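Tertiary structure, described
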Amino acid sequence: MTTTEARPAVPPVERSKRRISINPRQSGIYVAFALIVVLFEVLTGGALLEPQNISNIIVQNSYVLILAIGMILVIISGHIDLSAGSVVAMTGAVSAVLMVNSHVPWFLAVLITLVVGAAIGAWQGYWVAYFGIPAFIVTLAGMLAFRALTLTVLGNQGIGPFPDAIRTLSNGFTDGYLGNIALGPLGGADLVSLLAGVAAVAGIAFTQWRKRKGRLGYGQDVDPFPLFALKIAGIAVLVLALVVQLARFKNLPWVLILLAVLVLGYSLVAGKSVFGRHIYAVGGNLQAATLSGVKVKQVTFWIFVNMGVLAALAGIIFAGRLNQAGPTAGINFELDAIAAAFIGGAAVQGGVGKVVGAITGGLIMAVINNGMSLIGAPSERVMLVKGVVLLAAVAYDIWTKRRAAS
């Protein structure tokens, strides 16, 4: 009887010190975002990162960022949704009819509007998942149908004004519950906002530390601890710098808190839940997912239901920001959300993408819009730059995949 000598296992700590690896496909978007911010900060003479302007960027683009969260999941699963902008208009009109015309309490009206959004998503999800019609066709039909329904409900006039609670959610800021504190040359800042920033940094650091500890436990490669600590420090500086600027203006926007909750929740769903893994499986390899027992039709159906709910939420936010629901609301919103997802790293074929990446892509579009507005660029030049950025992002995605394959 012969025995073979077992090869000694490499300790996880040694593996972590072996080399430093950077994934250009995942890190490129954040580097690009930083460079774009620096570029427009210089071009605008420092106006881009002024407290009021940062707040404006977040508030004015919140509805697109909400749509991008839902759109990234649709694209990861290998589908597309062209009806999101029309659903925003339709649900905004529904909320206006309920709150303004019918005097339904705002919280009940919001709940009914979200249910309407879910029903719209279920309608489209049924045709895609169970009837087998491509999502492109179903949502293109939805884009036309729901825009027509919006015009039917509203006619050629808007409905408003909205209740104070909706306007506060869309445009308002948290109160200074604990007062302001001095920050030297930066002036005063809201203490609650600063504490929220510190809590966010602590949460990010703890989550990343647990992730690193888990990878070490499974013997996987991780970054050396000095590099890991440097990354956390960099994230902390960026988050706290953003929070300080917001705290110096009018505290934290309520819509930013809503976005933070959505990003955290959907990141956990996409990255940690069984349903999230099924979404990636369906988009990555449909046949393999089917053979593995994934209920593909149910996954696809619920992805579109979720998209409808988030579109309804975006419709309420947008209508509340304008203080009225108009027949032209939501035009091209779906294109902005799709662009945010692809710029943020989603693959055209599906199976790849992250919620945080979609938010980053949406912020890139927002910074381009805002920065070029500050320097007085005409609208056609803004559209040109956004188109070039989108094309470059998709080309970069394809180039990195080809490089990895070779």
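Parameters and conventions
Residue numbers run consecutively from 1 along every chain, following the written order of its sequence. Residue-level local features of this predicted model are given only where pLDDT is at least 70; pairs of side-chain atoms are given and counted only at 80 or more, and the full residue set underlies all totals for whole chains, interfaces and linings. By convention in this description, side-chain values take in all heavy atoms of the structure and omit both hydrogens and water. UniProt positions are given in the numbering used here, feature names are shortened, and annotations may be inferred rather than shown by experiment. Comment: elements are numbered from the N terminus, with helices defined as DSSP H or I runs of at least four residues and strands as E runs of at least two. Exposure categories follow from relative accessible area, calculated using a 1.4 Å probe and restricted to protein chains: below 20% of the type maximum is buried, above 50% is exposed, and the middle band is partly exposed. Between Lys or Arg on one side and Asp or Glu on the other, a salt bridge is scored when a side-chain nitrogen of the former is within 4 Å of a carboxyl oxygen of the latter. Stacked, tilted and edge-to-face are the three classes applied to pairs of Phe, Tyr and Trp rings, where Trp contributes its six-membered ring and a pair requires centres within 6.5 Å; stacked means planes under 30 degrees apart, edge-to-face means over 60, and tilted covers the rest. Multiplying 1.5 Å by the residue count of a helix minus one yields the expected span of that helix.

An unreviewed UniProt entry annotates the chain as Xylose transport system permease protein XylH originating from Amycolatopsis vastitatis. Per UniProt, the comment on the chain under Function (unreviewed entry) is "Part of the binding-protein-dependent transport system for D-xylose. Probably responsible for the translocation of the substrate across the membrane." A UniProt comment under Subcellular location (unreviewed entry) is attached to the chain, and it reads "Cell membrane".

Moving on, we get to the environment of Gln60. With respect to the helices, strands and loops of the structure, Gln60 is situated in helix α3 (residues 51-60). Take Gln60: its relative accessible area is 33%, and that puts it in the partly exposed class.

Take the pattern of salt bridges next. Considering all chains together, one arrives at two salt bridges under this definition. The shortest N-O distance in the salt bridge between Arg167 and Asp164 comes to 2.1 Å. Linking Arg167 with Asp164, this pair stays in helix α8 (residues 164-171), spanning three residues, or about one helical turn. A relative accessible area of 31% places Arg167 in the partly exposed class. Asp164 gets classed as exposed once you look at its relative accessible area, which sits at 52%. Across the pair Asp336 and Lys386 runs a salt bridge whose closest N-O atoms are separated by 3.8 Å. Taken together, the residues Asp336 in helix α15 (residues 333-343) and Lys386 in helix α17 (residues 379-405) connect sequence positions 50 residues apart.

Moving on to the packing of aromatic side chains. Following the criterion strictly, the structure yields 12 aromatic pairs and no others. Ring centres 6.0 Å apart and planes at 85° place the aromatic pair Trp106 and Phe107 in the edge-to-face group. For Phe107, a relative accessible area of 54% corresponds to the exposed category. Where Phe301 meets Trp302, the ring centres are 5.3 Å apart and the plane angle is 80°; that geometry is what we call edge-to-face. For Phe301, a relative accessible area of 17% gives the class buried. The exposure class of Trp302 is partly exposed, given its relative accessible area of 48%. Among the aromatic residues, those joined into a ring-pair cluster are Trp123, Tyr126, Trp127, Tyr130, Phe131, Phe301 and Trp302.

Quick look at α17 now. Its 27 residues place the ends of α17 40 Å apart at the C-alpha level, agreeing with the 39 Å of an ideal helix rising 1.5 Å per residue. Residues of α17 that are buried include every one of Val382, Lys386, Ala393, Asp397 and Thr400, and no others.

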